[in-house]
Amino acid sequence: MSLHNWGDTKLSGWKRNLLIAVAVIVALGGGAYYWLIVESSFPSDARFDLDISKVRALAHEGGGEKPLSIRVEHVANFHFPATAVVAGDGWSTVDLPVYTFQLVYPDGITGIVDTALTEAQGSGNATGFDQDAYNRMEAAIGKARFIVITHEHMDHIGGLGAYPDLPSIASNVKLNEEQIANPDRSAPVQIPAEVLASFKPVIYTDYKAIAPGVVLIKSPGHTPGSQMVYVQKADGTELLLLGDVAWHFRNVETLRERARLVTQFFLKENRTQVFGELKALSDLHAAEPKINIMPGHDGQVMEGLLAEGVVTQGFE
């Protein structure tokens, strides 16, 4: 998600910069406002291949028991204008919760997907910070067999960067080659260069199984190293963690990106790539409604997943 670089976080951070940017846009005229804040038409050349049959086959690759449970910790919240999340949705404030996930296997082995961020990394922009939830996640990092990050932004990689003994878990960190090659996208999180160099990159073209029931899906655009994580539980339940391909499910159902002011000037996204991924996800949802799709920061979707038992509250 990270909008950390929207400016001086000591002076209300992204909110201050957004107000300044909007004031400039208004001064320039309505056309600029429409193009930067509202317009979100689907590009004719947006394409993304998501072959769920291949993903499912890889989830069975090598045998082994799949995760019994997917556990979640809600570490913090961000609050953005609705139009920052879905272009043209107005200026009411919407919540973007920050989550971290733990996969628990029958033999007690665990894996982690995304590591949230510390309160200091949030620089005052992350509200409702739950230190106990963060502490449980940090303790789980030290026990995890694998640690996967959906993309480079601080609210997903921050807990990994802040881990007090990174060299001791280096062999369990599964960053892809693009994530390792783009440390600037993680600012203000800084993983020491010598530790980053010690990580063995996960190299793949489209899909990659990394554990029973867990498949990475390469999906660049939001960042160079963006990837989705497909998880199939032992009971057959399927969950697709989108990272920040979409912040809310509304991005998928409306096929609308974040405002261009956000994507082009602050996040430096490849909007065409993201649009292609949103269309593929929309098609997947229509064809396979039983696959649970979890956008990066959608509290309403998370409430549904918890109520249905797809995910369980609290790390072990």
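Residues numbered from 1 in each chain as written. Predicted model: local features only at pLDDT ≥ 70, side-chain atom pairs only at ≥ 80, totals over all residues. Heavy atoms only, no water.

A.B. asks: Explanation requested: the sheet that holds strand β8 (residues 238-241) in the structure shown.
C.D. replies: In sheet architecture, strand pairing relies on hydrogen bonds along the backbone and comes in two forms, parallel and antiparallel. With respect to topology, five strands assemble into an open sheet ordered β5-β6-β7-β8-β9, the strand pairing being mixed. The open sheet terminates on both sides in strands that have one partner only, identified here as β5 (207-211) and β9 (292-294). Put simply, the sheet's adjacent strands are angled 20° from each other on average, direction ignored. Bridge count for strand β7 (residues 227-232) against β8 is four bridges, and the pairing is antiparallel. For Y230, the partnering residue across the bridge sits in β8 and is L240. Contacts from helix α14 (residues 299-308) reach β8 and β9 within the one sheet, and its direction differs from that of β9 by about 140°. (Pairing = 2+ DSSP bridges. Helix = DSSP H or I, 4+ residues; strand = E, 2+ residues; numbered from the N terminus. Axes fitted to C-alpha atoms, helices over the stretch in contact; angles between N-to-C directions. Contact = heavy atoms within 4.5 Å.)

A.B. asks: Help me out: how do you make sense of the sheet that holds strand β1 (residues 69-81) in this one?
C.D. replies: Overall, mixed pairing links the five strands, which are arranged β4-β3-β2-β1-β10 in an open sheet. Each end of this open sheet is capped by a strand with a single partner; those strands are β4 (146-148) and β10 (312-313). Taken together, the two bridges between β1 and β10 define a ladder with parallel strand orientation. In the strand pairing of β10, R71 is matched with T312.

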